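Structural overview
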Amino acid sequence: MAEAHQAVGFQFTVTPDGIDLHLSREVLKHIYLSGVTSWTKRAIRFKNGILTGVYPASPSSLLIVVIYLTGFSPFHSLVSPHSSGYMTVQTQTVLSAILFSTGLWLSLILMLRYILKALLSYHAWIFESHGKISFCTKLWLVCLLVKMLSGRRPLLYSFQTSLPRLPVPSVDDTITRYLESVRPLLDDEQYNQMEVVANDFKKDQAPKLQKYLILKSWWATNYVHMSVLYVYCRHYTGNMDLLYVTPTHRQAARAGNVVHAMLQYRRKLERGEHAPLRALGVVPMCSYQMERMFNTTRIPGIETDFVQHLSDQKHLVVYHKGRFFKVWLYYGGRHLWPSELETQFQRILDDTTKPQPGELKLAALTAGNRVPWARARLKYFSQGVNKASLEAIETSAFFLSLDDEAHGYDPDKLRSLDLYAKSLLHGKCYDRWFDKSFTLIAYKNGKLGVNAEHSWADAPIIGHMWEYVLATDCFLLGYTEEGHCKGDINKGLPLPTKLQWDIPLECQEVIEESYMVAKVIADDVDFHGCLFDEFGKGLIKKSRTSPDAFIQLALQLAQFRDKGEFCLTYEASMTRMFREGRTETVRSCTSESTAFVRVEGCAQKLDLFRKAADKHQNMYRLAMTGSGIDRHLFCLYIMSKYLSIHSPFLKQVLSEPWRLSTSQTPQQQLNMVDIKKFPRYVGAGGGFGPVADDGYGVSYIIIGENLITFHISSKFSSPETDSYRFGQNIRQAMLDIRALFDQKDKKEKEM
């Protein structure tokens, strides 16, 4: 009851002698400190907003311009003020100088931004080989560095308005590249038919659709941006903890440190204080996606879902053994310390109350079909305690699941990595809130993980936050010798609030139906995690080959050995060098890669490998610079739906299954940990499910110089796929390609 009394700021009692007023100094102190913190936060955001708004200039430069023009004698004759009854000549001169200099200063800022945008629109550098830089690129690089280094330190969003817009490719180029991409997958008759359909589309429907798409690109910041929500409908990934290190085995302590680190990251994010990410450490990339990392939920709709993003939410919701708890993240106007968060989470772990009727599997609504969830939300969660509790979840900073299972990589346990990955991807289908931007998962053995929903952002965005959190947890916050969070224990914190539900039997039936739908899908996921440590990026680069191209060709070789045929292959590429850029598709199965796979003989095979690798690199660069295939065709398809134009070509293109879907997750985006000095402090990344029922999903992470992790998924229901078998095929393909270079080196030494 003590906590309940502390929550009351004042009490008054009416007596015969008058009103007896009792004030709680502690609560009033918290109210005061919360107000101070709130206004401080607003002031910092306002200041950083101004700094971002005037970049690459600074507010102090306005003062310099004003002082210079005020004292510049020719300016006085230029404005030639006249005396009036209201202001003296001197006052008019000063005001004229301020107005003129402000206009000049703003014009200079616009000019500097235009110059910077022009520099950032130059992409020829991407297509140049290492060590063979043209004079134009050298000149561009010097100008860009001078431009960026001459200004002050940029904030997270400083470059946003200077980033170029994503260009709309020409229809001719897109269709030519598309036909080239499907040539190795079709026989002559099928290809000729596709050529006819494509040319008919190019001649008839494409011109009108392209005009409207170009018009959209003039109006919208990014012509692909809204369409990408369809691309990432119900797409999830899992991110793993450190592979070889567990800082503490205390579940509540690990969650306390990590949640506190997330709050630190969020504070820097809200203030825009993170450094902007840059390609090759020079070219800035779009930071738009990071805005919605926290306080974001996907809301189900009958027709379509929408993403709800709020600001500055002060609580999170915790799930443990079928119960939902609301935990405040602030106390006295500050973040809870790790030790305080550990206390709160331990209270939840120690709570022995039973779930309310319908509460245990409630989150399965977010894992099942969307329409039943949307209807149930309207019918059963639009009023009363259900509405209040659902709002607590959907408006929370993020969702935390205190799992009652133990997971993590254990080399002594068979399939430990596989089970860990499956748990992150879908859990029990009711212990993650799949509509939240991400769910933090804390296992009972101290291991962690993240399940991320992808309509709001791509995998590298959540990976950026995850790197920061793990590094902060291990190297900045740390633990006591007993494994607890450092800091004093505050026993005066209000208890976590257990969310209340009144779920009728009809709704419980909908929950159970959603759970069964999700469970069938989850049980069908065949997942295999593979640690490839025979060699890594270091050796691949010595062979003068792109590590990504090397791995993609190994995947093509593995695919052919696995199924005896080639398939349409998807590799995700980023377009974040453009404003509000997301991803583009690289079609990795090419005529060059299939020729390499089919040929026998070492010398010829190595030559074909290099040609295929060069081809892949060129396609990847085209995708990065806005000249990809699939996003353009998809946007034309969306436009055809709006205009009610039937296109057999677009319908056929969009119906083609991606039987091999691949993605590389970047590591060391922040370089907070020197993995040469601390080689055991590396993560394994994460994976995703297969796109096609009879296909594979492959996520790979290049870690340091000597480790590559593969996360392979498929479906048990398909007799054609086996994730473990495919993992072994990938391993053997990697070794076989390396053998080509070893044989070449051996022959050269013998000569």
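The rules behind each value
Residues numbered from 1 in each chain as written. Predicted model: local features only at pLDDT ≥ 70, side-chain atom pairs only at ≥ 80, totals over all residues. Heavy atoms only, no water. Pairing = 2+ DSSP bridges. Helix = DSSP H or I, 4+ residues; strand = E, 2+ residues; numbered from the N terminus. Contact = heavy atoms within 4.5 Å. Axes fitted to C-alpha atoms, helices over the stretch in contact; angles between N-to-C directions. Buried < 20%, exposed > 50% of the residue type's maximum accessible area, 1.4 Å probe, protein only. UniProt positions renumbered as here; feature names shortened; annotations may be inferred. Polar contact = N/O pair within 3.5 Å; in protein donor to acceptor, adjacent residues only side chain to side chain. Salt bridge = Lys/Arg side-chain N within 4 Å of Asp/Glu carboxyl O.

What follows is about the sheet that holds strand E13 (residues 438-442). An order of E3-E14-E13-E12-E8-E9-E15 is seen for the seven strands of this open sheet, with the pairing classed as mixed. This sheet does not close on itself; its edge strands, each paired only once, are strand E3 (236-240) and strand E15 (497-498). Packed onto the sheet, helix H11 (residues 251-271) meets strand E8 (315-320), strand E12 (399-402), E13 and strand E14 (448-453) and runs at close to 150 degrees relative to E13.

With that out of the way, let us pick up the pairing of E12. Side chains Phe 399 and Ser 401 project from E12 onto one buried face, and the interleaved Leu 400 and Leu 402 project onto a second face that is buried too. Two elements, E8 and E12, share three bridges in a ladder whose sense is parallel. Directly across from Val 318, in E12, lies its bridge partner Leu 400.

It is worth spelling out the pairing of strand E17 (residues 569-574) at this point. Counted residue by residue, E17 has five buried out of six residues, so it is predominantly covered. As paired strands, E17 and strand E19 (residues 660-664) are joined by three bridges and run parallel to one another. Within the sheet, the bridge partner assigned to Glu 571 lies in E19 and is Thr 662. Where E17 meets strand E18 (residues 583-587), five bridges bridge the pair, whose relative direction is antiparallel. What sits directly across from Ala 572, in E18, is Thr 585.

Take Leu 740: it is sitting in helix H24 (residues 723-750). Here the alpha-carbon distance between Leu 740 and Leu 606, two residues 134 residues apart in the chain, equals 6.3 Å.

The UniProt record annotates "active site" (unreviewed entry) at His 454. Its place among the elements puts His 454 in the loop between E14 and helix H16 (459-477). Judged by relative accessible area, His 454 falls into the buried class, the value being 3%. A distance of 2.8 Å separates polar atoms of two side chains, one belonging to His 454 and the other to Thr 237.

Let's shift gears to the sheet that holds E17. Strand order in this open sheet of six strands is E16-E21-E20-E19-E17-E18, and the pairing throughout is mixed. Of all the strands in the sheet, just strand E16 (525-532) and E18 have a single pairing partner and so form its edges. Looking at each pair of strands side by side, their axes are set apart by 20 degrees on average, direction ignored. Where E16 lies against strand E21 (residues 707-715), eight bridges are found, and the strand directions are antiparallel. Bridge pairing in E21 places His 528 opposite Ile 712. On top of the sheet, H24 reaches E16, E19, strand E20 (696-703) and E21; it is set at about 25 degrees to E16, its chief contact.

This part covers the pattern of salt bridges. Inspection of every chain in the model, using the stated rule, returns 30 salt bridges. The partner of Arg 731 in a salt bridge is Glu 534, and the shortest N-O contact between them spans 2.8 Å. Here the residue Arg 731 occupies a position in helix H24, and Glu 534 occupies one in the loop between E16 and helix H18 (537-542), the gap between them amounting to 197 residues. Among the ionic pairs, Lys 537 bridges to Glu 705, the shortest N-O distance being 3.8 Å. You can see Lys 537 sitting in helix H18 and its partner Glu 705 sitting in the loop between E20 and E21, a full 168 residues away along the chain. Judged by relative accessible area, which is 23%, Lys 537 ranks as partly exposed. Classification of Glu 705 as partly exposed rests on a relative accessible area of 36%.

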